[in-house]
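Per-entry structural report
Each chain, written out:
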Amino acid sequence: MEVSTTNNANGASTKSKPHHSRFTQQELPAWKPILTPGWVITSFLAIAFLFIPIGLISLFASERVVEIVYRYDQECIPEMYCDNVTGYIQSSHTNKTCIKNVTVPKKMIAPIFVYYQLDNFYQNHRRYVKSRSDKQLRSASGEFSTKGCEPEAKLGGAPIVPCGLIAWSLFNDTYSLSIEGKVIDINKKGIAWKSDTNVKFGSNVYPKNFQAGDLIGGGKLNESLPLNEQEDLIVWMRTAALPTFRKLYGKINSNLEAQDVIKVVLENNYNTYSFGGQKKLVISTTSWIGGKNDFLGIAYLTVGGICLFMALNFILLYVFKPRPLGDPSYLSWNRNSSRQ
Amino acid sequence: MAHGRIRAKIKRSSLYTFGCIRPPRESTDEPHLFRGPGFSRHVCCNQPQLHQKKPLKYSKNYISTTKYNVITFLPKALFEQFRRVANVYFLLAAFLSLTPVSPFSAYSMIAPLAFVIGISMCKEAVENWHRFMQDMKVNMRKVRVHNGEGDFLPKPWMNICVGDVVKVEKDQFFPADLLLLSSSYEDGICYVETMNLDGETNLKVKRALETTLTLDDDSIFKDFRATIKCEDPNPNLYTFVGNLEYERQVFPVDPSQILLRDSKLRNTGHVYGVVIFSGHDSKVMQNATKSPSKRSTIEKQMDKIIYVLFTLLVLISLISSTGFAIKTKTQMPSWWYLQAPDADGLYDPNRAAASGFYHLVTALILYGYLIPISLYVSIELVKVLQALFINQDIHMYDEETGTPAQARTSNLNEELGMVDTILSDKTGTLTCNQMDFLKCSIAGIPYGMRSSEVELAAASQMAMDLEGHGGDFSGRPGGHNGSEIELDTVVTPRESSQTAIKGFSFEDNRLMNGNWSRENNPDVLLLFFRILALCHTAIPEYNEETDTYSYEAESPDEGAFLVAAREFGFEFCKRTQSSIFVRERHFSSQEFVEREFKLLNLLDFTSKRKRMSVIVQDETGQIYLLCKGADSIIFDRLSKNGRVFEEATTKHLNDYGEAGLRTLALAYKKLEPSEYVAWNDEFIKAKTSIGGDRDIMLERVSDMMEKDLILVGATAVEDKLQPGVPQCIDKLAQAGLKLWVLTGDKMETAINIGFACSLLRQGMKQICISTNVDMLNQDTKKAQKESIVMQITNASQMIKLEKDPHAAFALIIDGKTLTYALEEDLKHQFLNLAVDCASVICCRVSPKQKALVTRLVKEGTGKTTLAIGDGANDVGMIQEADIGVGISGVEGMQAVMASDFSIAQFRFLERLLVVHGHWCYKRIAQMICYFFYKNIAFGLTLFYFEAFTGFSGQSVYDDWYMLLFNVVLTSLPVIALGVFEQDVSSDICLQFPALYQQGPRNLFFDWYRIFGWMGNGLYCSLIVFFLNIIIFYDQAFRIGGQTADMTVVGTAMFTCVIYAVNCQIALTMSHFTWIQHFLIGFSILAWYVFLVLYGMMSPELSGNAYQIFVEALAPAPIFWLSILLVTVACNLPYLAHISFQRSFNPMDHHVIQEIKYYKKDVEDRHMWTRERSKARQETKIGFSARVDAKIRHLRQMLQKKSSVLSPRVALAATR
């Protein structure tokens, strides 16, 4: 294909001659799809026909989930403390036990998950998120790396383990459930991620100097248990993305029948009152999409619907105002001249 | 001599030209008195060692056009980088990231910046290296330099010092500015070609001082000592003031002794000279302005977008810091878990304003993702790759000279797609400065069978039209006459067996091989040939190998005439001081008769006289005046009985003009000896007179002689254009580009070229604006200006009143007039007129004026200009224009060195603009739009999230994600878009020149489109953020009951962003090679690979992202569902937009893509050809416009003919 360059008078020319290949000449074979009406309609319809079933299936899955949400932060304040809620919750002498009943609306099949839900709690605040030391949590040798944990880093020169604001503000309400006097076991094992208990939190790291300062934040830890067994802490340390969040409290491995009345004994210790946060107890089953989540299905249905609408629109427009593809009369020079 | 050539050593100065009869200079001129400071340069000739140290140390002859050297590279290149406001911002952000204010870790801010700056600097370094190599090529050229012992040894240019004596040989360039001492001619003259300096092609004579003439041998220089005192280095090419002190005498030196660097020695064996100015002191280098750093329109517009984004950035930062301050003041005290205030005062409810301020800084860093840090580096990378493709384009490779096209600065690629006006040099760019003798008219009979290029094209177009519109024509009576006329006028050249002779394309057996003697008027023919052979100033050169003479002529036309005369059998073979010898071969005999003609007088050609005459005496003693000149001038000077052939010749001259040929009329007159003697006395009186009116007197005397002439005939010479020039101009015109020709040449030459390359044509109204030379009173400046204003106003008026849609105007203006027209108060009027004209030709313009005109067009119209040229005289223009293109492959490199792109031939300009320019423009435009889209889509999610964190400046994404986003995960497909995207293939770009207009009209980078993309980004960010948040915020996201923490939400969201933007780019592209497929796939895959690898790293590095994908996300169906949902939802509006746009309001390239897609071009060839011919701008210049005009003209003739014929046809029908 290439004429040899021997006939060139200039010897240098062969050297500077561009190399001829389809790549350098920008002639690589290429797929040049164009959006023909066929393609447009097909793709819109395809999306619609994919999304609408997915939406329906998701909605169905979400419907199957049974969820009990019970807000207790207001109800668990004794009337006498109504005017001084913060005083009540901060005092160590007041009785914080609170007994309430919730009804199971539908049959719940194990495993059933118990969550606590906090509201208006900025676990995602930058100061808060940073206030931890992964190094310290992982092994005993990292005890002294408390960088970023201020002001909960050290106590009189000795490091606090686990340090930082997150651990310090550990959630410490407790729930115990019973139905007709029969205690429902809440299994607190296995609520954290495996990788957290196995790797991230050390088995040789024990709490030290924790909640020993002047200011008491949240819950205390059992100093004889290594951190990787303190799953409440591990769950808490996974900071939530939004100020409203749920965290796993425990699992129930027995079924709950519809109309069962659960007696909940709460220890209402955690202070959300000073910033007006709500506290909720959530008991829920899951399906393959997780908890109750109608939005996913609705969103899928909406997008599918829009696509269907688009496809129909396009078909109609195409029927009433068709443009033959590759019709040269649509070229700008033809259009301009026709207008003149 | 070296090449086996024999040259008569004659004193050309004793030819009786005007130039050499000047009275001896010494008698009048005193040595220059140096006034004022400055004129202080001392040059000790032949003692270069004195110039090694102060105070006489002058700059060396080493030249450097590089931007940086080894030491200055780092600071200067860094400075260049941080001139970009975005980079300063990122630098500041990087510094601030070291403080606790930063929302990210320091490495995630510094690493991308270092990467980006590093790549840009590498590019600078490579480009600088190329410049350096080019400089070295010049610096290493060799010249013979005196070594102090009477020997001249070759030395590289860079080692030459002031004071060195150099010996420059024929056809070499002068290495520095030299004082001419002596030459191989006894009288110390030499010929210099200054094409590189001012673009003039005629040779200039330089003359050594009488006193140094004796220095004409190598050995003499051993003891040569002299001192030169002269002016300081300055850029003025045409002045020089200085004295030479030699042998205790002082001689004044003027510009005619100065040989300038980069001009070339011609027709002279060698010269000796002393270096006066070297290196950057030399006049040509002083003329070189610093090459300005040019930025493309798109890049300038991009800056504005960056400002828009900065505004947005500041705005949302202000919002978030205000929000933060309020939250801190009012709510933070109650957030006991934060233990505010902290030690640093970043979260201090008591001093909320201060905390708010700190947070403003944080926010400014956090939202930095709105400003695409990698945009600049990606664009630069893309442009370098685009430039590589330009360099590699085999269609822009010139086989003859072996030069490929070269993008010397890559940052203007997309500007190539937006050019509106091309300003072109003439000689060397449009023409190759070679004339071909094509036709002649002698005694009223036309000779010469070959057709000019214009005629050929008109004929082929006609033939095509006849075929194409067969129906139109056959219906009409006399339709067949069309082809008859065509045959009449056009004879296609036969494949001649004889080898082509340079400068001679004439073909007609009636005149060749001595056949002319059998024609009707052999004596007129004889005279014609003699005029050709005698009336010139050329010097013959004998070539032993071929046994022929070649000619060194001042202008290429003369060369062509002499070659023609030689071929006709009148070989000019020798020139002495007083005679011209012609070897004549009559009546097809092989015998040569050498005849001597005594040259009595030579009346030189000047642009004012437009004619040249010789007075010769033949062997019989008969005295002739032989004259050649512009037809209008000659016709005015004919005697009554000399007008026999006038009518026929005029007709032929018109024909030739129409055919794009350059014409001259030839005439003679016989002189009686007494008559001659009387005139000659007066002539001698005039030429020896001293004083200012000498020239006027001479002119008057010549005028007296050159009248009552007898017309012999006319010649038609084709100014050889560079191959493909008319076609290229035509295509460019069809693509909607305007072409201005700026030339240093004479007006006539320029007009002729205008005809040859179809910028002008018969029937076009030429508007010549010139200064009136007859105004002799000294207070002319005002009057001149007034007359120019008048001319411009009249012309504008005329254009306004013109009704005919086919009418076209051409503006021709000369340099002198241009000085007035470019003045502040006139220039806009001038520009308006010029813009209204189809073609503009500026002649006799100085390099500076070229630059000024370019600036006027650039600033006056606000459109993109491209300047193309080949010589040093074009440098100013090349640098001034938005894009400068240099013609490479010719000897001088200045234009190329100053240019942004270099091509070997003018015709490659078409491909450079229409293919590469078009592609690059669209690529870069789409790429930038996409960049803004992607960064807005990503950056705004940060903002939304921050609003949910109490405006604390927390980001939902891991630092590493953010770092990789711009650098790895989204950069490669967009680079592929920028490098490989093609809306249509290159041959379609060329076939549909109208597509080019998408660039100058800026359809792909207007604010509508930019804001559209930004809006798309905004939409995308909303979708990504809110869908993910709502899906993940509180419920369990897995069957195992786990809820999503910040890392899970962030990772899911980020995955959605990656998918959305990568799908978006796939939708944007229309051309997928395996590279695009691979890179888009790679980007998405790379994200997963990274996620898995990152999750495997120690949790101390990965934090909460430890095992995130494998353990938490991958097993959750909702994660995959949300990706699908978000990706589709993000791209849905764009998909709808493009499909509706294509279906109901398609752009040109859409339709063409479809035609190609359905292979309609193969099925319906007729349609395809029709559209191709329609897809050109309505042009008034160019080849096709001219052909159209010619066809219109022929049709009119046809109609006339048929109206004459039709009664007869009717008559025949009745019989």
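One can find the structure itself at the top, above this paragraph.
Procedures and definitions
- Residues numbered from 1 in each chain as written.
- Chains lettered and ligands numbered in written order.
- Predicted model: local features only at pLDDT ≥ 70, side-chain atom pairs only at ≥ 80, totals over all residues.
- Heavy atoms only, no water.
- Core = buried A, V, L, I, M, F, W, Y, C linked by side-chain atoms within 4.5 Å.
- Buried < 20%, exposed > 50% of the residue type's maximum accessible area, 1.4 Å probe, protein only.
- Helix = DSSP H or I, 4+ residues; strand = E, 2+ residues; numbered from the N terminus.
- Contact = heavy atoms within 4.5 Å.
- Phe/Tyr/Trp six-rings, centres within 6.5 Å; stacked < 30°, edge-to-face > 60°.
- Lys NZ or Arg CZ within 6 Å of the ring centre and 35° of its normal.
- Expected span 1.5 Å × (residues − 1).
- Salt bridge = Lys/Arg side-chain N within 4 Å of Asp/Glu carboxyl O.

Below, the discussion takes up the nonpolar core. Formed by 227 residues in total, the largest nonpolar core has its most connected members in Trp236 and Ile262 of chain A together with Tyr957, Tyr961 and Phe1037 of chain B. Top element by residues in this core is helix H26 (residues 908–948) of chain B. It accounts for 18 residues. With near-sequence residues (within four places) excluded, Ile262 of chain A lies in contact with Lys100, Asn101, Val102, Val104, Leu177, Ser178, Ile179, Ile184, Leu256 and Ile283 of chain A. Within the second largest apolar cluster, 68 residues are counted, among which are Leu412, Leu721, Val725 and Cys728 of chain B.

Along the chain, Ala110 of chain A connects to Pro111 of chain A via a cis peptide bond; the corresponding omega equals 0°. Counting through the fold element by element, Pro111 of chain A comes out in the loop between strand E2 (97–103) and strand E3 (112–118). Residue Val161 of chain A is joined to Pro162 of chain A through a cis peptide bond whose omega torsion reads -15°. Of note, Pro162 of chain A is situated in the loop between strand E5 (158–159) and helix H6 (165–168). For Phe951 of chain B, which is not glycine, the phi dihedral falls at a positive 55°. Looking at where Phe951 of chain B falls in the secondary structure, it is placed in the loop between H26 and helix H27 (959–969).

To continue, consider the environment of Leu532 of chain B. Residue and element names in this part refer to chain B. Positionally, Leu532 belongs in helix H12 (residues 522–534). A residue is classified by how much of its surface remains accessible, and Leu532, at 2% relative accessible area, is buried. Spatially, the C-alpha atoms of Leu532 and Ser263 are 30 Å apart, while their sequence positions differ by 269 residues. With near-sequence residues (within four places) excluded, Leu532 lies in contact with Phe437, Phe561, Leu562, Ala564, Ala565, Phe568, Leu666 and Thr715.

Counted according to the given criterion, the structure contains 94 aromatic pairs over all chains. An angle of 85° between the planes, with centres 6.1 Å apart, marks the rings of Tyr961 of chain B and Phe1090 of chain B as edge-to-face. You can see Tyr961 of chain B sitting in helix H27 and its partner Phe1090 of chain B sitting in helix H32 (residues 1074–1096), a full 129 residues away along the chain. For the pair shown, Tyr961 of chain B and Phe1090 of chain B are each scored as buried. Note on Phe992 of chain B and Trp1168 of chain B: the rings are 5.1 Å apart at their centroids and 65° apart in plane angle, and the pair reads as edge-to-face. Of this pair, Phe992 of chain B sits in the loop between helix H29 (986–991) and helix H30 (1007–1032) while Trp1168 of chain B sits in helix H38 (residues 1165–1174), and the two are 176 residues apart along the sequence. Pair check on accessibility: Phe992 of chain B and Trp1168 of chain B agree, each one buried. Taken together, the aromatic side chains of Tyr116, Phe121, Tyr128, Trp168, Phe171, Trp236, Phe245, Tyr270 and Phe275 of chain A together with Trp336 and Tyr337 of chain B make up a single cluster linked through ring pairs. Here Arg323 of chain A stacks its cationic end above the ring of Tyr330 of chain A, 5.4 Å away from the centre of that ring. Over the ring of Trp157 of chain B we find Arg141 of chain B; its NZ or CZ atom is 5.0 Å from the centre of that ring.

The subject of this paragraph is helix H9 (residues 294–320) of chain A. Taking 1.5 Å as the rise per residue, H9 of chain A with 27 residues should run 39 Å; its terminal C-alpha atoms sit 39 Å apart, in good agreement. Among all positions in H9 of chain A, only Leu296, Gly297, Ala299, Tyr300, Val303, Gly304, Cys307, Met310, Ala311 and Phe314 of chain A are buried. Those residues of H9 of chain A hidden inside the fold are in contact with helix H2 (37–64) of chain A together with H30 and helix H35 (1117–1144) of chain B.

It is worth spelling out the pattern of salt bridges at this point. This structure, assessed with the given rule, holds 54 salt bridges over all chains. Ionic pairing is found between Asp232 of chain A and Lys188 of chain A, a salt bridge with its closest N-O pair at 2.9 Å. With Asp232 of chain A in helix H8 (residues 231–237) and Lys188 of chain A in the loop between strand E7 (182–184) and helix H7 (194–200), this residue pair connects regions lying 44 residues apart in the sequence. For Asp232 of chain A, a relative accessible area of 29% translates into the label partly exposed. The class for Lys188 of chain A is partly exposed, based on a relative accessible area of 27%. For Glu1171 of chain B, the salt bridge goes to Arg1170 of chain B, with nearest N and O atoms at 3.0 Å. What makes Arg1170 of chain B partly exposed here is its relative accessible area of 35%. Residues joined in a network through salt bridges with shared partners are Arg295, Glu299, Asp303, Lys383 and Glu414 of chain B.

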